[in-house]
Amino acid sequence: MEKIVVASGNAGKIREIKTIFQGYEIISMRDAGFNGDPEETGKTFEENAIIKARAVSEALASNALADDSGLCVEALGGAPGVFSARYAGEHGNDAANNAKLLEELKGVPEKDRGAYFESCVALCLKDGRVITAFGRVYGKILFALEGSAGFGYDPLFYSEELKKSFGTATAEEKNSVSHRAKALAALAEKMKSEL
């Protein structure tokens, strides 16, 4: 397959995708000439991933890959969910989002702070076909930020598999267990049989 345009302006996400999806020419939508900002009007991660991938694919007549992912906290009924990036109101304000999450969980004991990151990746092909795949990583929300690695809620998310916060994990450690890594691996398998 020729290049895949990643429908994201998030540098952290693009780095992660390049690391995991080796063997493909991965290019960001900005570098490919797409400067739009598809509105995420979906009610699920899958709907939002498809909206983004389709918008970029159609605009550039290219294969496009989009991810929509977020943090789902059991004590908050699955919130922030699809609103993870704009939980505190301003899109992509990690500090404000983390502060709001800690505030919402004030007084919630450790045993009730279970959470998972979920990712849906959608690959929209030039011919209009769409392939999707999912991944999840389970853990809990810490009482304070730990580490400064990663992005988003990583410093508050304690990974059960790594036995540490994503904020203290190396990129290699995080990619070995992350929701996005699992979704991309599942997508790569589907691509073998469907392309």
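A.B. asks: Would you mind going over the overall build of the protein with me for this structure?
C.D. replies: Helices and strands together make up the secondary structure of the protein, namely five helices and seven strands. When its helices and strands are written in sequence order, the protein yields β-α-β-α-β-α-β-β-β-β-α-α. If one aligns the C-alpha atoms of the protein with their principal axes, the spans along those axes are about 50 × 30 × 25 Å. Restricting the contact set of the protein to residue pairs at least 6 apart, pairs at least 24 apart contribute 56%. Accessible area of the protein: about 9200 Å², with a carbon and sulfur share of 50%. Measuring between centres, the 24 positive side-chain charges of the protein sit 1 Å from its 29 negative side-chain charges.

A.B. asks: I'm lost on the pattern of salt bridges in this one. Help?
C.D. replies: One side chain can pair with another of opposite charge once the charged atoms of both are near each other. With the rule as written, the count across this model stands at twelve salt bridges. Close ionic contact of Glu 110 with Lys 140 constitutes a salt bridge, the shortest N to O distance being 2.4 Å. Highlighted residues: Glu 110 in the loop between α3 (94-104) and β4 (114-124) and Lys 140 in strand β5 (residues 130-141), separated in sequence by 30 residues. The partly exposed category is assigned to Glu 110, whose relative accessible area is 44%.

A.B. asks: I'm lost on the packing of aromatic side chains in this one. Help?
C.D. replies: Aromatic ring pairs are defined here through the distance separating the ring centres and the angle between the ring planes. In this structure the tally under the stated criterion is four aromatic pairs. Where Tyr 116 meets Tyr 138, the ring centres are 5.6 Å apart and the plane angle is 50°; that geometry is what we call tilted. Residue Tyr 116 is found in strand β4, and its partner Tyr 138 is found in strand β5; the two are separated by 22 residues along the sequence. Here Phe 117 and Phe 157 contribute two aromatic rings whose centre-to-centre distance is 4.7 Å and whose plane-to-plane angle is 55°, an arrangement assigned as tilted. On the criterion of sequence distance, the pair formed by Phe 117 in strand β4 and Phe 157 in strand β6 (residues 157-159) is long-range, its members being 40 residues apart. Residue classification places Phe 117 among the buried positions, given a relative accessible area of 5%. Feature note: the residues Phe 117, Phe 157 and Phe 166 constitute an aromatic cluster, connected by ring pairs. Here the guanidinium or amino end of Arg 113 rests over the ring plane of Phe 143, the centre of that ring lying 3.9 Å away. Sitting over the face of the ring of Tyr 158, Lys 140 holds its NZ or CZ atom 4.9 Å from the ring centroid.

A.B. asks: Hey, could you run me through the state of the cysteines in this one?
C.D. replies: Here, disulfide denotes a covalent bond that connects the sulfur atoms of two cysteines. The full count for this structure, using the stated rule, is zero disulfides. For Cys 72, which is in no disulfide, the shortest distance to another cysteine sulfur is to Cys 120 and amounts to 12 Å. On the basis of relative accessibility, which here comes to 7%, the residue Cys 72 falls in the buried class. Free of any disulfide, Cys 124 has its nearest neighbouring cysteine sulfur in Cys 120, separated by 12 Å.

A.B. asks: Would you take a moment to explain the packing of helix α1 (residues 11-20) against helix α5 (residues 179-194) for this structure?
C.D. replies: Helix-helix packing is characterised by the crossing angle of the two axes and by the distance between the axes. Taken N-terminus to C-terminus, the directions of α1 and α5 make an angle of 45°; their axes are 10 Å apart at the nearest point. The angle between the axes of α1 and α5 places the two elements in the oblique class. When you trace α1 past α5, the crossing you get is right-handed. Facing α1, whose interface residues are Lys 13, Glu 16, Ile 17 and Ile 20, α5 presents Arg 180, Ala 181 and Leu 184. Here the residues of the contact of α1 with α5 are counted per class, giving four nonpolar, no polar and three charged.

Reading guide: rules and limits
- Residues numbered from 1 in each chain as written.
- Predicted model: local features only at pLDDT ≥ 70, side-chain atom pairs only at ≥ 80, totals over all residues.
- Heavy atoms only, no water.
- Helix = DSSP H or I, 4+ residues; strand = E, 2+ residues; numbered from the N terminus.
- Contact = heavy atoms within 4.5 Å.
- Areas by Shrake-Rupley, 256 points an atom, 1.4 Å probe, with all protein chains shown as cover.
- Lys, Arg positive; Asp, Glu negative; His and termini not counted.
- Charge placed at Lys NZ, Arg CZ, Asp CG, Glu CD.
- Salt bridge = Lys/Arg side-chain N within 4 Å of Asp/Glu carboxyl O.
- Buried < 20%, exposed > 50% of the residue type's maximum accessible area, 1.4 Å probe, protein only.
- Phe/Tyr/Trp six-rings, centres within 6.5 Å; stacked < 30°, edge-to-face > 60°.
- Lys NZ or Arg CZ within 6 Å of the ring centre and 35° of its normal.
- Disulfide = S-S within 2.5 Å.
- Axes fitted to C-alpha atoms, helices over the stretch in contact; angles between N-to-C directions.
- Parallel < 35°, antiparallel > 145°, perpendicular 65-115°, else oblique.
- Left-handed = near helix turned anticlockwise from the far one by under 90°.
- Nonpolar A, V, L, I, M, F, W, Y, C, P; charged D, E, K, R; others polar.

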